[in-house]
Every structure is written in C-alpha cells, then in structure tokens.
Amino acid sequence: MLKYFLERCESKAPRARRKGEVKIKIAEIKEVLRTLKTKDGRREFYNKHKPMVLYILFGVGTTIISLGSYVVLRILFPDAASAPKWLSWIYKITAMFNIDSNTLFPVLASWIFANLFSFFMTRVYVFDSQAHSFWRVMLELAKFFASRIATLIVDMLIMFLLVDLPHLHGGFYEFCAKIFSNLVVLILNYILSKIFVFRKKKPKKKKSE
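Residues numbered from 1 in each chain as written. Predicted model: local features only at pLDDT ≥ 70, side-chain atom pairs only at ≥ 80, totals over all residues. Heavy atoms only, no water.

Across its full length, the chain holds seven helices and zero strands. Taken from N to C terminus, the helices and strands of the chain fall in the order α-α-α-α-α-α-α. Classification of the 209 residues of the chain by burial places 31% in the buried group. The long-range fraction of contacts in the chain, counting pairs at least 24 apart against all pairs at least 6 apart in sequence, stands at 68%. Total accessible area on the chain is roughly 15,100 Å²; 69% of this is exposed by carbon and sulfur atoms. (Helix = DSSP H or I, 4+ residues; strand = E, 2+ residues; numbered from the N terminus. Buried < 20%, exposed > 50% of the residue type's maximum accessible area, 1.4 Å probe, protein only. Contact = heavy atoms within 4.5 Å. Areas by Shrake-Rupley, 256 points an atom, 1.4 Å probe, with all protein chains shown as cover.)

Core analysis: the largest hydrophobic core is formed by 10 residues, namely L54, Y55, F58, F119, V126, F127, F144, Y190, V197 and F198. Counting residues per element, the ones that place at least two in this core are α3 (50–76), α5 (104–126) and α7 (171–197). In terms of residues, this core owes the most to one element, α3, which gives three residues. Each residue touching F144, except ones within four places of it in the same chain, is listed here: N115, S118, F119, T122, V197 and F198. (Core = buried A, V, L, I, M, F, W, Y, C linked by side-chain atoms within 4.5 Å.)

Turning our attention to the packing of α3 against α5. Direction vectors running N to C along α3 and α5 enclose 160°, while the axes themselves pass 8 Å from each other. It follows that α3 is roughly antiparallel to α5 by the angle criterion. Pair α3 / α5 crosses with right-handed handedness. Among the residues forming the contact of α3 with α5, the class breakdown is 17 nonpolar, seven polar and one charged. (Axes fitted to C-alpha atoms, helices over the stretch in contact; angles between N-to-C directions. Parallel < 35°, antiparallel > 145°, perpendicular 65-115°, else oblique. Left-handed = near helix turned anticlockwise from the far one by under 90°. Nonpolar A, V, L, I, M, F, W, Y, C, P; charged D, E, K, R; others polar.)

Time to look at the packing of aromatic side chains. Inspection of the entire model under this criterion finds six aromatic pairs. Judged by centre distance (5.5 Å) and plane angle (70°), the rings of F119 and F120 are edge-to-face. Among the residues examined, F119 registers a relative accessible area of 4% and is labelled buried. Put simply, the rings of W111, F119, F120, F144 and F145 pair up and form one aromatic cluster. The cationic tip of K143 hangs over the ring face of F196; the distance from NZ or CZ to the ring centre is 5.2 Å. Taking the ring centre of Y70 as reference, the NZ or CZ of K178 above it sits at 5.3 Å. (Phe/Tyr/Trp six-rings, centres within 6.5 Å; stacked < 30°, edge-to-face > 60°. Lys NZ or Arg CZ within 6 Å of the ring centre and 35° of its normal.)

Before going further, it helps to spend a moment on the packing of helix α2 (residues 39–48) against α3. At a minimum axis distance of 5 Å, the contact between α2 and α3 shows a crossing angle of 95°. Between α2 and α3, the angle falls in the class roughly perpendicular. Two secondary-structure elements touch here, α2 through F45, Y46, N47 and K48 and α3 through K50, V53 and L54. The residue makeup of the contact of α2 with α3, split by class, is four nonpolar, one polar and two charged.

What follows is about the side chain of S147. With respect to the helices and strands, S147 occurs in helix α6 (residues 134–164). Within the local environment of S147, its side chain forms a polar contact with the side chain of R148, the two groups lying 3.4 Å apart. In this structure S147 touches L192, F196 and V197, once residues within four positions along its chain are discounted. (Polar contact = N/O pair within 3.5 Å; in protein donor to acceptor, adjacent residues only side chain to side chain.)

Glancing now at the confidence of the model for the chain. On average, residues of the chain carry a pLDDT of 75, and 72% of them reach 70 or more. Considering each helix and strand of the chain separately, the mean pLDDT is smallest for helix α1 (residues 2–35), with a value of 56, and largest for α6, with 86. (pLDDT = per-residue confidence, 0-100.)

Moving on to the pattern of salt bridges. By the definition in use, this model includes two salt bridges. Here E174 makes a salt bridge to R74, at a shortest N to O gap of 3.0 Å. Of this pair, E174 sits in helix α7 while R74 sits in helix α3; the two residues are 100 residues apart in sequence, bridging distant segments of the chain. Of the two residues, E174 and R74, neither departs from the other in class, the shared state being buried. (Salt bridge = Lys/Arg side-chain N within 4 Å of Asp/Glu carboxyl O.)

Here it is in structure tokens:
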C-alpha cells in the first residue's frame, strides 16, 4: 500500500512541477505588462531588451515595406505575362506543372526593397556590428544576402503552397498568407543574423602567468 502511494506521488510530481513553472511564467508576463504601464518601467524594459525591441520595430518597418511593395507590384504586374522578361525562365518552370505563379516577381522585388532597409538598420542599431573595413563589410553583406536568399526561398515556397498551388489568388486570403509568410521569415532572419551574419567573436581569455 505504501509502495503504491509513493509511486502515485512520484508520477504526479513532474506534472505539479510543470504547473508550477507555468504559473511562474504567467506571473513574469504579468509583471512585465505591469512595468510597461509606467514611463520608468518602459525605459527599464527598453534598456534591458534594446536589441530585441529595435529588431521588432525594424521588423515592423521591413514588413510594411515588403507588404506595401508587394501589393503595388501585384497591381502593376497582375500575371506572369506582365512580369519582366528576365524572370521568364522561372515562370516556364512552374508552367511545366500547369501552374500560373503570379506571385513570384512581386515576392522577389518586395524582398529586395525590404532587405536593403533591414541590412542598414539592423547592422548598426540592433547587432552593433564592429566591421568597419571594406572587406569585412562586404563579407557581412554577402552573408546577409546569403541568409536572406535562404529565407526568400522559404517565403516563395509558402506563397506558392498557400496561394499558387490551390489557385487562391487575390483578395483577403492572399494578403493573410503573405502576412503569415512574413512572420515566419522575420523569425528565421533574426536567428540567422544573430548566429551567422553578425556573430560576434568571443574575446580570447588571457593566459594566467
């Protein structure tokens, strides 16, 4: 009987710990929200989480540029026939599968505009890059656009699967699909920028004499 009671207590212990952890996290969130109500609290939160706050703000700006340019380009170039000729090879590939990909050019162009803005802002204000020589800046720029090309493919793939493949072009659905795609890309961009593009070298420890 005692053995059964101990086993039951052990089985409930992890569940109780998890509930306790959840309660602690909820309390922490409430405390953060409470401090944000005051000017001093907002200043303290900003100083403590400055890189993340700035990245979110610039991310909003990048998203606005991306969405705005995407909408304008979709109006100016509504189908594959109206897109620039140098992108015709991409449309030929999708045509092999009897699919009209009308979002490729708008996605590509809006990506270029948004990421030019993102590079200059995040390099200086978020990740505080210490690269000042020409070649180091060029290396950063190459790594930045390499990572962004990877997330561009993710962006185009999401839009292709959610909009082009099911033939759900235009309207509120396509706009929501683009917002979802941008959120995914925003998170991936931050991770890649932090661990790959603007990664800071750890200072070498001095050998004790």
